Every structure is written in C-alpha cells, then in structure tokens.
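Coordinate inspection notes
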Amino acid sequence: MTKVAEFIDVTKIYGGATAVDRLNLSIEPGQFVTLLGPSGCGKSTTLRMLGGFEIPDHGRIMLGGRDVTRVPPNRRNVNIVFQDYALFPHMNVRQNIAFGLELKGMASDAIERRVRELLDLVELGPFAERMPTELSGGQRQRVALIRALAPDPEVLLLDEPLSALDAKLRHQMQVELKSIQKRTGKSFLFVTHDQEEALTMSDLIVVMNKGRIEQMGAPEALYRNPETRFVANFIGDTNILSGRIAGTDGARIVLDWGPRRVVARACATPAGAGKAAEIAIRPEAITLSAAAPSLDNAYRATVRERIFKGSHSLVSVALEDGAVLDVVADASGATELANGPVWVGFSAEDAVVLPAGAPS
Ligand code: ADP
C-alpha cells in the first residue's frame, strides 16, 4: 500500500536546540494518527513540517510518494485546522466551504455538489445559508472541519483543535471528528497533549518525548503494553513498583518488591536476576476484597483514603510495610471495605515489567 505521508529520519533544530530528533513515521491511507506528548516535545513542529511551514534540517518528507521536503505549503495537497477553528465571519456556511474550492478554480456546479455532499456528511444541510454567528459552537466546528476537507487534501493536519472547548463539547467533538474521519476515509494527523483524546480517536498513537518517538501503537496496545515509564505514566494512571528481578516462573518474571514477591507477565527483553526493574500495574487491574483473592499476586493492606467518583471509587491502600497502591474499585464495594483490613490482588498478566533506568 502506498503511504500517504512519510517522515524519513527527520530532524529540526532551532538555534542549536533539537525540536525533532531523527523522526521516522508513516501515515497509511485512512489512518487517524495522533502525536501525543507533553508541551514542547515536538508535536507541532512535526505537524508543521508536513504542512510545509517548517523545513527540516535533515531527512525527507514524502507526500503521496513524492518528496515534498522543500515544497511550499500552497504547493502540497494538505490542509491544516488550528485551535481557534475560525470561520470567515462575513460569509455564510456555504460560502465558507466553497471559498477554498473557488481558489482552486473548480467549476461552480461542481462546487455546489461538493458543498452539498459535505454538509450532508455532517448533517448540516439545512444550515447552508446561516451566518457563523447563527450556529452553535459544535456546528461551527463541524463547518470548519468540512471546509478544511473540501479541497480533498491527502492529509488533514489538526493542531490541538479541541483544546479551547469546554469538557462536554470537547467529548462530543471527539466522537464527531472520528466519525467524520471514518466516513471520509481521509488520513488525519492530530496533535494533542491529552491522552484521553488520543485514546478516543486514534488508530495509531505516537507518543513523543523530547523530540523523539518514545513508543507508538494502537491505543489498546499502548495502554496494555507500555515499554517505558514515561509511556506508562502518560497514558492512563499507573502504579509503578520499583523492584529487582528474582528469576522466572515458566515464561513469567518474578520480582522482589520490598519484602514480597510479584509475578509479572513475560516480556521480550527480561533483565537478568538481581537487576533493578520497575513494574507498571493499572489501578483498575487491582482488586480489593475482604478475603484473600486467588490471583497470582495477593497482599494484605489497609485503606488509607477513598475518593468517591460516582461510577467508581479511587482507593489508596497501604501494604504491611507501608508501600502504597492506588486501586480503582467498584463504588459500593469500596464503601463496605473502607474501615477494615483488606486484600489487594492482581494477575501476573496485568503486571508489566519496564526496563529500569530508562529515561523518563
Ligand atoms: P509541542 O507542539 O509538542 O508543544 P513544539 O513542536 O511546538 O512542541 O516545540 C518543540 C520545541 O521547539 C520547543 O522547545 C519549542 O520551544 C521549540 N520551538 C518550536 N518552534 C520554534 C520556533 N519557531 N523557534 C524556536 N524554537 C521553537
């Protein structure tokens, strides 16, 4: 399959500081790719290089099989949507969408058809003659999105387009954006620092840290198999246990964690016995019970704190030596258990060994 876009060993340096460091990334047709990472990790620079707004210092950028590394933005077939999503205020919805097509010199009946098709796609057909001020926030966002899709770009670039919205509209738009992307079959390159947003929409999440790709994969795979502490912490909440490799049990890894043993899932590159290692375990993978659970790992504990969250409770427990674990528990069960000694347990499958000492 021809790749829609490709970064080949791309580096960008600003005044001696490396913003993007030997980045290799491919975008497949119809793929929703998200660049995720903390502020300053190089996400926007990466996106802007594909848009042609920045030129790499090293490496090549390919678009539709063509080397566009030095091709200016107006001569590559990509479009970009920024955070403010601004529509032209003096034009109605139809004129807003038609604008880019007129610039391209498209015939007026073809423009009319394209505008109609796009409005139908987002169920805004009856709103063609409305002015932007006569639309809700969500409707404005949908119009801005189809306006950017109108000229049929090879990739649509979206730089934190939802970050200015309130939480409710933001959630709605995440679902909407993903649905529009699926229905149009277009490739999207989306930038965000919000892990939940990335998990909701992406086919591929590229986790960036200090200009480099830390790990990439499908949302569920990244969530279940973080390879570094940085990824384990950045995507979802995680307990990180610092231990030492004690040996193996079949394919599984056995570690010493303080005075106790932990059995963890087999991993590709197990460190040797005696080596320091960290184990990542998700709070929702830990059970809380009155009696000892029959799980690979089970420890006595006491509840330190319980925070009611509606659908669940966040419970912080202390093991006998004072080590602390965060647990996501069923809201009612956690209430019952709040005042007495408890057991915590988790399966080896849910305990992931991370290479210790990896930079985070
Ligand atoms: P992100 O989008 O992940 O927040 P950016 O790609 O915007 O990160 O920035 C990456 C790094 O490059 C940061 O350290 C930032 O300060 C720097 N940087 C970005 N753009 C410029 C620029 N035009 N001039 C100088 N430094 C820049």
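Nothing here was measured: the structure is a model prediction, and the numbers come from that model. (Residues numbered from 1 in each chain as written. Predicted model: local features only at pLDDT ≥ 70, side-chain atom pairs only at ≥ 80, totals over all residues. Heavy atoms only, no water.)

1. Looking at helix 4 (residues 137-149)
Compared with the 18 Å implied by 1.5 Å per residue over 13 residues, the 19 Å span of helix 4 between its first and last C-alpha is a close match. The element helix 4 is extensively covered by neighbouring structure, given that 11 of its 13 residues are classed as buried. Taken together, the buried positions of helix 4 are Gly-138, Gln-139, Gln-141, Arg-142, Val-143, Ala-144, Leu-145, Ile-146, Arg-147, Ala-148 and Leu-149. Residues of helix 4 that are buried make contact with strand 6 (78-81), helix 2 (93-103), helix 3 (108-121), strand 7 (155-159), helix 5 (167-184) and strand 8 (187-192). (Helix = DSSP H or I, 4+ residues; strand = E, 2+ residues; numbered from the N terminus. Expected span 1.5 Å × (residues − 1). Buried < 20%, exposed > 50% of the residue type's maximum accessible area, 1.4 Å probe, protein only. Contact = heavy atoms within 4.5 Å.)

2. Re the sheet that holds strand 19 (residues 341-346)
Overall, antiparallel pairing links the 5 strands, which are arranged 15-19-16-17-18 in an open sheet. Either end of the sheet is taken by a strand with one partner, and the two such strands are strand 15 (287-289) and strand 18 (324-330). Averaged over all adjacent pairs, the angle separating strand axes in this sheet is 45 degrees, with direction ignored. Strand direction decides the pairing type here: strand 16 (residues 297-308) and strand 19, joined by 6 bridges, are antiparallel. Bridged to Tyr-299 within strand 19 is Val-344. (Pairing = 2+ DSSP bridges. Axes fitted to C-alpha atoms, helices over the stretch in contact; angles between N-to-C directions.)

3. Topic: the sheet that holds strand 1 (residues 5-14)
Reading across from one edge, 2-1-4-5 is the order of the 4 strands in this open sheet, with antiparallel pairing throughout. The strands lining the two open edges of the sheet, one partner per strand, are strand 2 (17-27) and strand 5 (66-67). By the bridge criterion, 7 bridges tie strand 1 to strand 2 in an arrangement that is antiparallel. Note that in strand 2 the partner of Val-10 across the bridge is Leu-23.

4. Comments concerning the pairing of strand 8
The buried fraction of strand 8 amounts to 6 of the 6 residues, a majority that puts the element mostly inside the structure. Across the two faces of strand 8 the burial is the same, with Ser-187, Leu-189 and Val-191 and Phe-188, Phe-190 and Thr-192 all buried. Where strand 3 (residues 32-36) meets strand 8, 5 bridges bridge the pair, whose relative direction is parallel. Following the sheet pairing, Leu-35 is matched in strand 8 by Val-191. Bridge count for strand 7 against strand 8 is 5 bridges, and the pairing is parallel. Looking across to strand 8, one finds that Leu-156 is bridged to Phe-188. Each parallel crossover has a hand, and the one from strand 7 via helix 5 to strand 8 is right-handed. (Right-handed = clockwise from strand over helix to strand, strands pointing away.)

5. Brief notes about the environment of Gln-195
With respect to the helices and strands, the residue Gln-195 is situated in helix 6 (residues 195-201). For Gln-195, a relative accessible area of 25% translates into the label partly exposed. Through-space distance from the C-alpha of Gln-195 to that of Leu-162 is 13 Å; in sequence the pair is 33 residues apart. Ignoring anything within four residues of it in the chain, the contact list for Gln-195 reads Leu-36, Phe-234, Ile-235 and Gly-236.

6. Section: helix 3
Between its terminal C-alpha atoms helix 3 stretches 20 Å, which fits the 20 Å expected from 14 residues at 1.5 Å a residue. All of the buried residues in helix 3 are Ile-111, Arg-114, Val-115, Leu-118, Leu-119 and Leu-121. Looking straight down helix 3, one finds its buried side chains confined to an arc of 155 degrees; they lie on one side. For helix 3, the elements touching its buried residues are helix 2, helix 4 and helix 5. The positive-phi residue at the C-terminal boundary of helix 3 is Glu-123, with phi of around 55 degrees. (Arc of directions from axis to C-beta.)

7. Points about a negative patch on the surface
On the surface, Asp-237, Glu-284, Glu-305 and Asp-326 cluster together into a negatively charged patch. Looking at where Glu-305 falls in the secondary structure, it is placed in strand 16. Looking at Glu-305, the relative accessible area reads 45%, which means it is partly exposed. (Patch = residues over 30% accessible without salt bridge, like charges linked within 9 Å, V, L, I, M, F, W, Y side chains within 5 Å. Areas by Shrake-Rupley, 256 points an atom, 1.4 Å probe, with all protein chains shown as cover. Salt bridge = Lys/Arg side-chain N within 4 Å of Asp/Glu carboxyl O. Lys, Arg positive; Asp, Glu negative; His and termini not counted. Charge placed at Lys NZ, Arg CZ, Asp CG, Glu CD.)

8. A short note on the pattern of salt bridges
A full pass over the atoms with the stated rule returns 19 salt bridges. For the salt bridge of Arg-22 with Asp-21, the shortest nitrogen-to-oxygen distance reads 3.2 Å. With its nearest N and O atoms 3.0 Å apart, the salt bridge here joins Glu-197 to Arg-170. Taken together, the residues span a long stretch of sequence, with Glu-197 in helix 6 and Arg-170 in helix 5 at a distance of 27 residues. Here the two residues Glu-197 and Arg-170 agree in accessibility, since each one is buried. Each of Arg-224, Arg-265, Glu-349 and Asp-350 takes part in one network of salt bridges that share partners.

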